[in-house]
Amino acid sequence: MVHRLRGLGISVHGLEAADGVGGTWFWNRYPGARCDSESYYYCYAFSRELEQEWDWTERYPGQAEILSYLEHVADRFDLRRSFSLSTTVSSASWGGDRWVIDTEGGERWTCRWLVTAVGCLSSANVPDIPGLASFAGEWHHTGQWPHEGVDVTGRRVGVVGTGSTGIQAIPVLAASAAHLTVFQRTANFSIPARNAPLSTSEAAGYKADYAAIREVQQASTNGHPFVVSDVDTLALPDDERRALFQRAWERGGLRFRAAVRDVLTDPAVNDETSEFLRSKIRSTVDDPEVAETLTPRDHPFATKRPPIDTDYFETYNRPNVSLVDVRADPIEAVTRDGVRLASGAEHPLDVLVFATGFDALSGPLLRLGLRGRDGVALADAWAEGAATYLGLGVAGFPNLFTITGPGSPSVLTNMPTSIEQHVEWIADLVAHLRAHDLDAEPTPEAQARWADHVREAADATLLPQAASSWYLGANVPGKPRVFLPYAGGFARYRGMCDAEAAAGYPGFALRSRRRAA
Ligand code: NAP
């Protein structure tokens with residue numbers, strides 16, 4: 001965004017809480033942290049030179065490699081001079097004709113346009129468990145992992161949470177811990193990632209093919225360059241259907257979904273797919289009771305963000321790993337020595353890891369302390385749940401634009417693709433506002449229509465069936481239940497954003513600054 005606005009000749013400055021660039025890849029340094037999108041397309045597309053000069057080394061990039069990439073981008077485009085690091089925004093208020101931003105360090109910034117790039121998964125959700133402060137060992141949330149690392153060699157480690165993060169961290173922690181105890185509340189589906197080094201010829205092939213790859217991404221439902229199969233899996237004989245699932249399983253990763261048409265819209269297709277994945281858990285995990293506890297039965301496959309893994313289910317065959325079902329016997333307290341369950345069972349621990357996710361999508365925006373027209377706090381405007389127009393702006397908050405905000409496809413897509421689409425769209429809007437000396441904010445009518453459409457788009461899929469999903473805000477106690485990302489597909493969404501711009505932004509109230517002055 002900074003690069004793009006600079007290119008328009010606009011004075012732009014970035015405020016960043018961390019003391020380095022990298023966002024999610026700066027903070028999420030837990031053991032096993034790796035991207036679930038493949039490296040050749042989990043990257044920027046705005047610079048052909050950048051695409052050609054950067055060499056990815058693995059099918060899925062690890063945290064350290066992505067962080068180096070982002071540091072390279074910051075240097076390559078001379079971005080650092082436009083950022084203040086270690087600068088946490090404490091509040092941002094619309095002052096009538098500009099935004100006034102205060103930081104925790106006592107600085108004040110003003111700007112005409114405020115663009116948020118705070119990410120969707122940056123507000124850590126640490127469960128409020130009684131006694132945590134009394135724990136004699138060390139505890140960490142995966143999203144705030146110590147930069148110096150945590151040596152678990154020979155120690156007793158507990159992990160709470162079996163989402164994408166827990167599923168990545170558990171096998172790696174188990175390899176060095178004396179004992180690993182996994183506290184599982186909800187069993188999850190997971191597909192083998194099948195990570196591997198990227199060969200020189202594969203990497204060269206991707207580089208030669210980027211124009212076509214980007215085209216497929218732009219036309220896709222979720223920003224991944226996968227063409228969704230047109231095979232009607234239900235029409236196949238059982239053995240052929242299983243063979244199709246098996247091939248997709250062997251190829252691994254998020255592209256498994258692209259092999260199964262209608263998996264998120266047709267319950268019968270989803271049942272078949274979910275049953276195939278459950279059979280894989282049974283055949284991988286030696287102890288049938290452990291396998292049953294690990295088998296998800298409360299939600300259809302992919303209605304919660306599907307994790308991908310390296311040896312996740314295999315890890316439960318290790319003698320130093322135990323699984324505790326905290327749905328059946330909930331965590332009652334953290335004690336000085338470990339975790340105590342409602343039954344009174346004690347699990348002594350030296351290290352406790354919370355892989356418990358985030359106050360997703362709305363949380364990072366609420367933390368900014370935003371106040372719009374008439375001093376209305378975003379927290380009040382969103383008391384019934386986050387509401388935006390196109391996920392790009394909020395009624396009552398002039399000249400505020402939200403990259404991958406709630407109500408946009410964001411977390412249902414390959415994030416860089418959605419981020420770049422928003423950056424381009426916001427840059428065009430800002431250029432329009434500058435050219436015509438206008439302020440802009442979504443109209444309440446457009447915002448209400450968009451909220452209806454976001455709901456309809458989710459209801460047309462099986463996604464709302466996952467009752468405990470963070471897509472719905474269900475993972476944070478007290479958070480309003482609203483389906484937050486837009487599930488209507490990336491290409492369709494991009495078309496609607498383009499139409500909005502082409503029509504002169506009819507969903508926005510555009511006010512002349514000259515008349516206001
Ligand atoms: P998550 O999907 O929200 O999973 C959190 C886990 O913690 C769930 O198993 C949840 O159980 C459990 N939990 C939460 N509070 C609990 C409590 N009080 N007691 C017991 N268990 C509790 O969070 P995440 O794994 O960090 O992943 C979040 C998202 O980040 C992912 O879905 C993905 O979009 C992104 N991510 C991406 C990558 C990647 O690309 N490699 C890696 C990691 C994360 P319930 O299910 O019962 O709520």
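Every value quoted in this text rests on a predicted model; they were computed, and no experiment measured them.

> Quick one: what's the story with unusual backbone geometry, residue by residue and with numbers?
One non-glycine residue with positive phi stands out, namely Ala-302, at about 75°. The phi angle at Asp-437 is positive, at roughly 55°, despite the residue not being glycine. You can see Asp-437 is positioned in the loop between α14 (415-436) and β19 (438-442).

> Give a description of the pattern of salt bridges that names residues and reports values.
Applying the stated rule across the entire model yields 30 salt bridges. Of the charged contacts in the structure, one is a salt bridge between Lys-479 and Asp-359, with a shortest N-O distance of 2.6 Å. Linking Lys-479 in the loop between α15 (444-459) and α16 (490-502) with Asp-359 in the loop between β16 (351-354) and α12 (362-366), this pair joins segments that are 120 residues apart in sequence. Judged on exposure class, the residue Lys-479 and its partner Asp-359 are both buried. When the shortest N-O distance is used, the salt bridge between Arg-513 and Asp-439 registers 2.7 Å. Within this pair, whereas Arg-513 is found in helix α17 (residues 513-516), its partner Asp-439 is found in strand β19, the two being separated by 74 residues in sequence. Here the two residues Arg-513 and Asp-439 agree in accessibility, since each one is buried. Residues joined by salt bridges that share partners form a network here, namely Arg-4, Glu-424 and Asp-428.

> Explain the packing of helix α8 (residues 238-251) against helix α9 (residues 267-284) to me, and be specific about the residues and the numbers.
The contact between α8 and α9 brings their axes to 11 Å, and the two run at 60°. Between α8 and α9 lies a crossing of right-handed hand. Residues Arg-241, Arg-242, Phe-245, Gln-246 and Trp-249 of α8 form the contact with α9, whose own contacting residues are Glu-272, Thr-273, Phe-276, Leu-277, Ser-279 and Lys-280. Within the contact of α8 with α9, the residues separate by chemical class into 4 nonpolar, 3 polar and 4 charged.

> Can you explain the sheet that holds strand β7 (residues 138-141)? Please cite residues and give values.
Ordered by their spatial adjacency, 5 strands build an open sheet running β7-β16-β8-β9-β12, and the pairing between neighbours is parallel. A single partner strand is all that each edge strand has here, and the edge strands are β7 and β12 (321-325). Adjacent strand axes in the sheet meet at a mean angle of 20°, parallel and antiparallel pairs treated alike. As paired elements, strand β8 (residues 156-160) and strand β9 (residues 179-184) share 5 bridges and run parallel to each other. Within β9, the position partnered with Val-159 by the bridge is Val-182. Helix α5 (residues 164-176) rests against β8, β9, β12 and β16 of the sheet, and its axis sits at about 155° to β9.

> Can you explain the pairing of strand β5 (residues 108-111)? Please cite residues and give values.
The pairing of strand β4 (residues 99-103) with β5 spans 4 bridges and is classified as antiparallel. Following the sheet pairing, Val-100 is matched in β5 by Thr-110. A loop of 4 residues connects β4 with β5, the two strands running antiparallel in sequence, and Gly-106 in this loop sits at a positive phi of about 90°.

> Could you give me a rundown of the site of the ligand, with the residues and numbers involved?
Contacts to the ligand come from 24 residues, most closely from Arg-34, Thr-165, Arg-185, Thr-186 and Lys-304. Here Thr-165 contributes a side-chain N or O atom positioned 2.6 Å from an oxygen atom of the ligand. Look at the ligand: alone it shows 910 Å² of surface, and the protein chains cover 88% of it. Counting residues per element, the shell around the ligand draws most heavily on α5, which supplies 3 residues. Its residues placed into classes, the shell around the ligand shows 8 nonpolar, 10 polar and 6 charged.

> Tell me what's going on with the sheet that holds strand β17 (residues 370-371), and back it up with residues and numbers.
Paired through backbone hydrogen bonds, the strands of a sheet run either parallel or antiparallel to each other. Reading across from one edge, β5-β4-β3-β17 is the order of the 4 strands in this open sheet, with mixed pairing throughout. Looking along the sheet, the strands with just one partner apiece sit at the ends: β5 and β17.

> Just give me the short version of the nonpolar core, but keep the residues and values in it.
In this structure, Tyr-69, Leu-390, Phe-401, Trp-425 and Phe-508 are the most contacted members of the largest nonpolar core, which totals 50 residues. Breaking this core down by element, the ones donating at least two residues are α1 (2-7), α4 (63-76), α6 (200-208), α7 (210-218), α14, β19, α15 and α16. In contact with Phe-401, other than residues within four places in its own chain, are Trp-113, Leu-114, Val-115, Thr-116, Leu-392, Ile-426, Leu-429, Val-430, Leu-433, Ala-440 and Phe-508. The next biggest cluster of nonpolar side chains, apart from the first, holds 30 residues, and it includes Cys-120, Trp-382, Leu-463 and Ala-487.

> If you had to explain α15 to someone new, which residues and values would you point to?
Helix length check: α15 (16 residues) gives 23 Å between terminal C-alpha atoms against 22 Å at 1.5 Å per residue, within 8%. Where α15 is buried, its residues contact β19 and α16.

> Would you mind going over α4 in detail, with residue names and values included?
The terminal C-alpha atoms of α4 lie 20 Å apart, and with 14 residues this matches the ideal 20 Å at 1.5 Å per residue to within 8%. What α4 keeps buried is the set Gln-63, Glu-65, Ile-66, Leu-67, Tyr-69, Leu-70, Val-73 and Ala-74. Where α4 is buried, its residues meet α2 (24-27) and α3 (48-53). Directly beyond the C-terminal end of α4, a positive phi value near 55° is found at Asp-78.

Quick notes on the rules
Residues numbered from 1 in each chain as written. Predicted model: local features only at pLDDT ≥ 70, side-chain atom pairs only at ≥ 80, totals over all residues. Heavy atoms only, no water. Helix = DSSP H or I, 4+ residues; strand = E, 2+ residues; numbered from the N terminus. Salt bridge = Lys/Arg side-chain N within 4 Å of Asp/Glu carboxyl O. Buried < 20%, exposed > 50% of the residue type's maximum accessible area, 1.4 Å probe, protein only. Axes fitted to C-alpha atoms, helices over the stretch in contact; angles between N-to-C directions. Left-handed = near helix turned anticlockwise from the far one by under 90°. Contact = heavy atoms within 4.5 Å. Nonpolar A, V, L, I, M, F, W, Y, C, P; charged D, E, K, R; others polar. Pairing = 2+ DSSP bridges. Near = heavy atom within 4 Å. Polar contact = N/O pair within 3.5 Å; in protein donor to acceptor, adjacent residues only side chain to side chain. Areas by Shrake-Rupley, 256 points an atom, 1.4 Å probe, with all protein chains shown as cover. Core = buried A, V, L, I, M, F, W, Y, C linked by side-chain atoms within 4.5 Å. Expected span 1.5 Å × (residues − 1).

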